[in-house]
Every structure is written in structure tokens, then in C-alpha cells.
Amino acid sequence: MADSNTASSGDGQQKSGEVMKRTIKDSVFTNLFQDKKYLLQLYKALHPEDNEITEDKLTDITIKNVLTDNIYNDVGFIANEDKMVILVEAQATWTMNIIIRALMYMVQTYHDYFSRTKQNWYRSKKVKIPIPEIYVIFTGDRKDRPSEVSLVQEFFEGRESCIDVKVKMIYDGEEGDIINQYVIFTKVCNEQMAIHGRTQKAVLETIRICKDRNVLKEYLSSKEKEVVDIMMLLYDEEEIMRSYVESERYDERIEMVKRMLEDRTLPIDKIAQIANLPVKVVTHLAESLHLA
């Protein structure tokens, strides 16, 4: 998912030891298409047959939820007032759950749309509703590359259902178009991270190489400081998440130890071995429960 939070460094320079944001590519993706100029290029890449589309015919409807941990997508926009294009996200890890997220994004987007256009679906008058199109740009490695994934096929085993969601998958784009450039950007980024780690050096090298290859050159040149800020974060988000998960697992092990202690069938050293905890931790728990 995209994350709009950035870590600014005042003069734009940060220590090389600081880590690169784990969601950098998604964040750059979102930032890139906030600009109508590049959003228009994105639409034309998806609909090359539309020769009359202009920037003023594109309306941003991206779900933004910066204050709460709720639904938000990377890019969403309406074209020509009747076509709703939802770019669910730039996805690097394959998961069919993207279909479920797409469904949730679509429902939320329609809810916001009716509110914005002051349409009441409880009244007898039929509401106007734009036609949805859902895309995912997949930037990871995968041999099997379906052009489309479906809620009915993947979750209901093809059985008849009152609802279906079809997500169009994009992998490389057409040579030179904005999608293709973004995909190349992610690959260059991955290569530089493999060399320099998640550091500012990797960020700056990614930008330099892409500009030299004419990949998102105008965007990276005009917003280089902003892009660097987006791509750098003071705290490694993945480490934070890993610590959270580990704390959850620790709590679960503690509860398991308490149950085993109360059962009084195993010695403390055996319980410690099963729970993968130090004996002194289990002993302390036993004492606190008056079971030692």
C-alpha cells in the first residue's frame, strides 16, 4: 500500500546509514500520479484508443486516510465523468487477497462518490454511477502471469455468485510508457538495494541511473528532493512491524506457559523448552502465580 508519510531532513541530506523506507516504490507510485500530467500518461497507457482525453477530464478520487488505520488505495480517478479507474496498488508480493482489497476499495470509492456528488441511493431516482476498472501493477518476479484475476474464480471456485470482482493485472506495460518506466524504476531500485542496502546511497543511485536511462527523468529531476524524502525513513517500518509481531508471539507464549503451569503436569525446565523461553522467565511466572 502507499504511505504518504515522509521523513524530511531539512536540507534534504540524510546520513547514509539511515534505512530506506520499505514501501518506497508504492510511495513514489502514489506521489507520481498525484500530478495530473503523469496521471494523464497513466490513463493513456491504459486506454491508448482515447485520443480526446485531457487533464481536466480526470478527477482524483484516491481514498485517502492519513489519520486512521483504515481503507486507502494508491491511485483512483474518474475519466470523462463515466469511467472509474481504480489503481488498487503497485504490488510486489503476489497475493490473491488483492481481489478482496479491490472489492473494499471499490465499495468505499462509490460511497465517497455518492457523497461528493450528493446522490442519495435511498431515493427512487436512479443514481448515476461510473463504470469501474480495477488494475494492479505487479512488479515482483512470477512465472505465472494471468492477465486477470477474479473473485468468483479464486474464492468461490467458479461457482455462480451474485457478485464478482475482476482485477486486471499489468506486469511490464508498453515500452516507454509511464507504467513501463515505473516498473523499470522498481527494478533499478531493487538492484541498488542489493548493492548498497536500504541506504541513502541506494536511493541516490536509483535516481541517478533512472535519469541517465530516461526513466521518469522529468519527474525525478523536478522532484528529486521530494523523492529522496519519500524514499527515506528515520525508522525501518518493517523492523517495527517485525517487533510488533514478535511481541504478539511473546504474549502468546506467556499465556501458553501460564496454562501449562496451572496444569502442573510438566516441570519448569520442560515448559521453558516447549515455549522457547528462558527458565528464569518461566520460574518468575510460576512464582507470580504462586505455583513455584
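Up top is the structure.
Residues numbered from 1 in each chain as written. Predicted model: local features only at pLDDT ≥ 70, side-chain atom pairs only at ≥ 80, totals over all residues. Heavy atoms only, no water.

Caption draft 1: Expanded view of the overall build of the protein chain. Secondary structure assignment for the protein chain yields 11 helices and six strands. On the protein chain, roughly 17,000 Å² of surface is accessible, and the fraction owed to carbon and sulfur atoms is 50%. (Helix = DSSP H or I, 4+ residues; strand = E, 2+ residues; numbered from the N terminus. Areas by Shrake-Rupley, 256 points an atom, 1.4 Å probe, with all protein chains shown as cover.)

Caption draft 2: The packing of helix α10 (residues 268-275) against helix α11 (residues 279-288), seen in detail. Look at α10 against α11: their axes get within 9 Å of each other, and the N-to-C directions meet at 120°. With respect to α11, the axis of α10 lies oblique. The way α10 lies across α11 gives a crossing that is right-handed. Contacts from Ile-268, Asp-269, Ile-271 and Ala-272 of α10 reach α11 at Val-279, Val-282, Thr-283 and Ala-286. Residues belonging to the contact of α10 with α11 are distributed by class as follows: six nonpolar, one polar and one charged. (Axes fitted to C-alpha atoms, helices over the stretch in contact; angles between N-to-C directions. Parallel < 35°, antiparallel > 145°, perpendicular 65-115°, else oblique. Left-handed = near helix turned anticlockwise from the far one by under 90°. Contact = heavy atoms within 4.5 Å. Nonpolar A, V, L, I, M, F, W, Y, C, P; charged D, E, K, R; others polar.)

Caption draft 3: Spatial organisation of the packing of aromatic side chains. This structure, assessed with the given rule, holds 10 aromatic pairs. Summarising the aromatic geometry, the rings of Phe-29 and Phe-33 are spaced 5.2 Å apart at their centres and angled 75° between planes, so their arrangement reads as edge-to-face. Arranged with centres 5.2 Å apart and planes meeting at 85°, the rings of Trp-94 and Phe-138 form a pair that is edge-to-face. In this pair, Trp-94 is assigned in the loop between β3 (83-91) and α3 (97-116) and Phe-138 in strand β4 (residues 131-138), connecting sequence segments 44 residues apart. (Phe/Tyr/Trp six-rings, centres within 6.5 Å; stacked < 30°, edge-to-face > 60°.)

Caption draft 4: Focus on a nonpolar patch on the surface. Together, Ile-100, Met-104 and Phe-155 make up a nonpolar patch on the protein surface, roughly 240 Å² of accessible area in all. Relative to the helices and strands, Ile-100 is located in helix α3. (Patch = residues over 30% accessible without salt bridge, like charges linked within 9 Å, V, L, I, M, F, W, Y side chains within 5 Å. Salt bridge = Lys/Arg side-chain N within 4 Å of Asp/Glu carboxyl O.)

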